[in-house]
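# Observations on chain architecture
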Amino acid sequence: MQELQAQLRVFEAEIHSFDPKNAADVEAFRIRFLGTKGIVKQVLGEMKNVPVPQKKEAGQLLNAFKQLAEEKYASCQHLVSEVKMQDNHQDISLPGSDLPLGTRHPLRMIEKSIVGIFEKIGFSVATGPEIEDDWHNFTSLNMPADHPARDMQDTFYVSQNPDWVLRTHTSSVQARIMESSKPPIRVICPGRVYRNETISARAHCFFHQCEGLYIDKQVSFADLKQTLYYFVTEMFGKDTKVRFRPSYFPFTEPSAEMDISCTVCGGSGCNLCKHTGWVEILGCGMVHPNMLRNFNIDPEVYTGFAFGMGVERITQIKYQVNDLRLYSQNDVRFLRQFQNL
Ligand code: DAH
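Calculation criteria
- For every chain, the first residue of the written sequence is number 1, and numbering continues from 1 along that sequence.
- In keeping with the predicted nature of the model, local features appear solely for residues at pLDDT of at least 70, side-chain atom pairs appear and are counted solely at 80 or more, and the whole-chain, interface and lining totals rest on all residues.
- Side-chain metrics in this entry use all non-hydrogen atoms of the structure; hydrogen atoms and water are not considered.
- For each residue, the test is whether any non-hydrogen atom lies within 4 Å of the molecule or strand; if one does, the residue is near.
- In protein, a polar contact requires one atom able to donate a hydrogen and another able to accept it; more generally it is a pair of N or O atoms within 3.5 Å, and residues adjacent in sequence count only if both atoms are side-chain atoms.
- Surface accessibility in these figures is a Shrake-Rupley result with a 1.4 Å probe; residues are shielded only by whichever protein chains are displayed.
- Helix and strand labels come from DSSP, where a helix needs a run of H or I of at least four residues and a strand needs a run of E of at least two; each type is numbered from the N terminus.
- Each residue after the first adds 1.5 Å to the expected span of a helix.
- Accessible area is worked out with a 1.4 Å probe on protein chains only. A residue is then buried under 20% of its type maximum, exposed over 50%, and partly exposed in between.
- It is the directions from the helix axis to the C-beta atoms that the arc portrays.
- The contact criterion used is simple: two residues touch if any of their non-hydrogen atoms lie within 4.5 Å.
- Each salt bridge in this description consists of a side-chain nitrogen of Lys or Arg and a carboxyl oxygen of Asp or Glu lying within 4 Å of one another.
- Two strands make a pair as long as DSSP finds a minimum of two bridges between them.
- Whenever a helix is involved, its axis is fitted only over the stretch in contact; in every case the axis is a line through C-alpha atoms, and angles between N-to-C directions fall within 0 to 180 degrees.
- Grid points spaced at 1 Å and placed over the protein atoms alone form the basis of the search, with a cavity being a set where a 1.4 Å probe fits but cannot get out and a pocket an open set showing protein on both sides within 12 Å along at least five of seven lines. Lining residues have an atom within 4 Å of a point.
- Grid points are joined across faces, edges and corners, and a volume is the space filled by probe spheres set on the points.
- Each residue gets one of three labels, nonpolar for Ala, Val, Leu, Ile, Met, Phe, Trp, Tyr, Cys and Pro, charged for Asp, Glu, Lys and Arg, and polar for the others, Gly among them.

## Looking at the site of the ligand
Not every one of the 16 residues close to the ligand is listed here, only the nearest: Ser171, Gln174, Arg195, Gln209 and Glu211. Contacts to the ligand include Ser171, whose side-chain N or O atom sits 3.0 Å from a nitrogen atom. Contacts to the ligand include Ala306, whose backbone N or O atom sits 3.2 Å from an oxygen atom. Relative to its free-state accessible area of 350 Å², the ligand is covered by the protein chains to the extent of 91%.

This is the structure we're talking about:
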């Protein structure tokens, strides 16, 4: 017992005076005292030589000694982590940084919800080319070469004779669908369109539309109204009112424009509705018999409705964006405002 005490006292003195300079010193200490062949283990091995009556006391001595060695080792850990930092130029004990998340573009989000609302009532998505020929963009839509309605849309010509244009509206996709499929037809066609406009807060040379087309036997204007009314309540809420105004488009007869009650002021008058209480959101009508004939669909058997809305317009109403240019400037201060929506 005395031998054990004397031995431990020597080791304790060594531990007290241990003054490591670097991580290697600390590791050497660990191996010497706490390693699998270290002093603590060795002394533990000698316990079997201690007579039974003194075993308890010897055990306590050994425990105290082990604790001393462990505490000293723990108090030197700063040297070990400092070395890790120097080696890797980083502190691996720091929590990780967040992954930066991008945001969806507001126009994409609105396009997705428009499409989703129509998909719920059986419409499927169709797309077409942005570079379009004269037939699909104009002529087949009841707008022959000298038709004055062509002036409504200042066109970018890619080539003349044959005429290739950047499509001025997604109604060209309507034409392509009528050409390639047979009724019943029920499609929603989102896409980018181009017009030769001077860029300003209220006009741009490219923007986005969503076209809808429904052709079947006995499709009526009542179906058109009910479908669009469903869209408005899904998009803007149950309390939103709609009104239809007579209008003119060459590819529909009769034609209408649809307004909704202003979602910002509720009808009392504000900048968005120009103090009228109403905002226009789309053009629509019953597909013109000439257009059906152009695609060999018999207007005596089939009727249909069509509509076209501007995605920027819907987004502007939803989020009160008042400058069209913001959508294509890629300013992250603008785009970040749509995070988490
Ligand atoms: N194409 C028209 C435009 O760009 C919008 C439009 C109006 C589309 C009436 C239609 C429609 O399908 O029936 O102004």
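Next comes the rest of the write-up.
## Details of helix H4 (residues 55–75)
Each full turn of the α-helix corresponds to 3.6 residues, which orients residues three or four apart in the same direction. With 21 residues, H4 extends 30 Å between its outermost C-alpha atoms, agreeing within 8% with the 30 Å of an ideal straight helix rising 1.5 Å per residue. For H4, the full list of buried residues reads Ala58, Leu62, Phe65 and Ala69. Along the long axis of H4, the arc covered by the buried residues comes to 60 degrees, so they all point the same way. Counted as exposed and oriented over 90 degrees from the buried face of H4: Lys56, Gln60 and Asn63. Considering only its buried residues, H4 is in contact with helix H1 (2–17), helix H2 (23–34) and helix H3 (39–46).

## Section: the pattern of salt bridges
Scanning all chains against the criterion turns up 13 salt bridges. Note that Arg30 is salt-bridged to Glu27, the shortest N-O span being 2.8 Å. Linking Arg30 with Glu27, this pair stays in helix H2, spanning 3 residues, or about one helical turn. For Arg30, a relative accessible area of 28% translates into the label partly exposed. Glu27 sits in the partly exposed class, given a relative accessible area of 34%. Linking Glu234 and Lys120 is a salt bridge whose minimum nitrogen-to-oxygen distance equals 3.0 Å. One end of the pair, Glu234, is in helix H9 (residues 221–236); the other, Lys120, is in the loop between helix H6 (106–119) and strand S1 (124–125), and 114 residues separate them in sequence. What makes Glu234 partly exposed here is its relative accessible area of 35%. Through salt bridges with shared partners, one network takes in Arg243, Arg245, Glu257, Asp259 and Glu280.

## Digging into the sheet that holds strand S3 (residues 157–159)
Across the sheet, 3 strands lie side by side as S2-S4-S3; this open sheet has antiparallel pairing. Either end of the sheet is taken by a strand with one partner, and the two such strands are strand S2 (131–133) and S3. Direction aside, neighbouring strands of the sheet carry axes that sit 35 degrees apart on average. Of the pairings in the sheet, the one linking S2 to strand S4 (residues 164–166) comprises 3 bridges and is antiparallel in character. Bridge pairing in S4 places Glu132 opposite Val165.

## As for unusual backbone geometry
The peptide bond linking Asn161 to Pro162 adopts the cis configuration, its omega dihedral lying at 0 degrees. As for its position among the elements, Pro162 is in the loop between S3 and S4. The residue after Glu253, namely Pro254, is reached through a cis peptide bond having omega -5 degrees. With respect to the helices and strands, the residue Pro254 is situated in strand S8 (residues 252–261). Here the phi dihedral of Asn142 falls at roughly 70 degrees; this positive angle occurs in a residue that is not glycine. Tracing the chain through its elements places Asn142 in the loop between helix H7 (134–137) and S3. Judged by its relative accessible area of 17%, Asn142 falls in the buried class. Of note in this structure, Asn161 is not a glycine but carries a positive phi near 60 degrees. Structurally, the position occupied by Asn161 is in the loop between S3 and S4. Here Asn161 falls in the exposed class, since its relative accessible area comes to 75%.

## A few points about the layout of surface pockets
It is a probe the size of a water molecule, rolled over the atoms, that shows where empty space is left. Of the pockets and cavities examined, the largest pocket occupies roughly 1,300 Å³. Looking at the largest pocket, it is lined by 44 residues, and the ones nearest its centre are Arg202, Phe207, Glu280, Gly310 and Arg313. Grouping the constituent residues of the lining of the largest pocket by class yields 18 nonpolar, 16 polar and 10 charged. Estimated volume of the second largest pocket: approximately 320 Å³. Considering the residues around the second largest pocket, the lining is formed by 19 residues, among which Leu107, Arg108, Arg192, His208 and Glu312 are closest to the centre. The residue inventory of the lining of the second largest pocket, partitioned by class, reads 7 nonpolar, 7 polar and 5 charged.

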